[in-house]
Amino acid sequence: MNIPLDLEARAHSEHAQSLRLWLRLLTCSQLIEKRVRAGLREQFDTTLPRFDLMAQLERHPEGLKMKELSHRLMVTGGNVTGITDQLVAEGLVERVGVEGDRRAFLVRLTPEGRSAFEHMATQHEQWIVDAFEGLSPRDLDQLHKLLGKVKQHQLDINQRVDETSE
C-alpha cells in the first residue's frame, strides 16, 4: 500500500508532541476538505468558495453588503465580486439596492439559490459526518471538548498579544 506524503510526514519522533499533533490536525483538515471540494465539484458542479459564499447568505436572508461578505469569508473584495457575478449569472443570488445609498447594494440568495444551497448543505453535512464515522459518540464528545480547550487557550493568547501590541 502506497501512503501519500502529507504534512504529518514532516514530523519526527524527536519533534515536540504539540507540533506532531498540529500537523495531524492540519492533515485531517486537508483530507476532509479535499473530499468536500471533490464532492461539490462532482455532484453540484460548484466550488467550495461558492458554497461558502452561499452559506453566509443563507445565514442572512436579508442579504449582506459586499464588504461584509468579504470580511466574513476572509478574502478580497475582488474575489467576492467574481464569485457573486458567477452566481448572479446563474440566478442563484441577486443584488438589491440599499435604500438611501445609490452606490451600495446587498447580495442575497434567490429562491432558486436557497433551494440549491439546501441540497448542497445536506450533502456537505453528510460528508462531514462520514469523515468522523470512525469515532464513537464518546470519542467525538471528548475530541470536541479537548479542541474547545485548545481554542479557548489560543483565544486567550491572542487577546494578550493584541493587548500588548496596542
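Because the structure is predicted, anything quoted here is derived from the model rather than measured.

Asker: Can you walk me through the overall build of the chain in this structure?
Answerer: For the chain, the helix and strand inventory stands at 6 helices and 3 strands. Element order for the chain, N to C, with α for helix and β for strand: α-α-β-α-α-β-β-α-α. Against the 2.2 N^0.38 benchmark of 15 Å for 166 residues, the chain shows a C-alpha radius of gyration of 20 Å, more extended than a compact globule. Long-range pairs, those at least 24 residues apart, make up 45% of the contacts in the chain with a sequence separation of at least 6. For the chain, the computed accessible surface area is about 12,300 Å², with 54% contributed by carbon and sulfur atoms. With 22 positive and 26 negative side-chain charges, the chain shows a spacing of 3 Å between the two charge centroids.

Asker: Can you help me understand the nonpolar core in this one?
Answerer: Where a protein is soluble and globular, its nonpolar side chains tend to be buried together. Judged by nonpolar contacts, the single largest core of 22 residues is most densely connected at L40, L53, M54, L57, L69 and L87. Mapped onto this core, the elements with two or more residues apiece are helix 1 (17-44), helix 2 (48-59), helix 3 (66-73), helix 4 (77-89), strand 3 (101-109) and helix 5 (111-131). Sequence-distant contacts of L69, defined by excluding residues within four places in its chain, comprise L53, Q56, L57, L64, V80 and V107.

Asker: Help me understand unusual backbone geometry, please; the structure alone is not making it clear to me.
Answerer: Keep in mind that most residues, glycine aside, have a negative phi and that most peptide bonds are trans. Although it is not a glycine, D45 sits at a positive phi angle of roughly 50°. Backbone geometry at M74 places phi at a positive 55°, although glycine is not the residue there. Tracing the backbone through its elements, the reader meets M74 in the loop between helix 3 and helix 4.

Asker: What is the right way to read the pairing of strand 3 from this model?
Answerer: Strand residues, when the strand is regular, have side chains that alternate between the two faces of the sheet. Judged from the 2 bridges that link them, strand 1 (residues 64-65) and strand 3 form a sheet pairing that is antiparallel. Directly across from K65, in strand 3, lies its bridge partner L106. Examined bridge by bridge, strand 2 (residues 93-98) and strand 3 share 6 bridges and lie antiparallel to one another. Bridge assignment links V98 to a residue of strand 3, and that residue is D101. Between strand 2 and strand 3, which follow one another and run antiparallel, lie 2 residues, and G100 among them has a positive phi close to 90°.

Asker: Please explain the pattern of salt bridges as it appears in this structure.
Answerer: What the rule picks out here adds up to 6 salt bridges. A salt bridge links E33 to R37, with the shortest nitrogen-to-oxygen separation between them at 2.7 Å. Of this pair, E33 and R37 both sit in helix 1, 4 residues apart, which is roughly one turn of that helix. Exposure remark for E33: the relative accessible area of 32% places this residue in the partly exposed category. On the basis of relative accessibility, which here comes to 35%, the residue R37 falls in the partly exposed class.

About the cut-offs
Sequence positions are assigned chain by chain, starting from 1 and proceeding in written order. pLDDT decides what is reported in this predicted model: residues at 70 or higher carry local features, side-chain atom pairs at 80 or more are listed and counted, and totals for whole chains, interfaces and linings draw on all residues regardless. Values shown for side chains rest on all heavy atoms present in the structure; no hydrogens or waters enter the calculation. Strands here are runs of E lasting at least two residues and helices are runs of H or I lasting at least four, both read from the DSSP assignment and numbered beginning at the N terminus. Between the two quantities, the radius of gyration covers C-alpha atoms and the globule rule is 2.2 Å times the number of residues to the power 0.38. Contacts are assigned to residue pairs with any non-hydrogen atoms lying within 4.5 Å of each other. Per-residue and other accessible areas follow the Shrake-Rupley method at a 1.4 Å probe size, with only the shown protein chains counted as cover for residues. Residues scored as positive are Lys and Arg, those scored as negative are Asp and Glu, and His as well as the terminal groups of each chain are ignored. A charged residue contributes its charge at one atom only: NZ of Lys, CZ of Arg, CG of Asp or CD of Glu. As used here, the term nonpolar core means buried Ala, Val, Leu, Ile, Met, Phe, Trp, Tyr and Cys residues forming a set that is joined through side-chain atoms within 4.5 Å. Summary of the burial criterion: residues with accessible area below 20% of their type's maximum are buried, those above 50% are exposed, and those between are partly exposed, where the area comes from a 1.4 Å probe applied to protein chains only. In this description, strands pair whenever DSSP reports at least two bridges between them. A pairing counts as a salt bridge when a side-chain nitrogen of Lys or Arg comes within 4 Å of a carboxyl oxygen of Asp or Glu.

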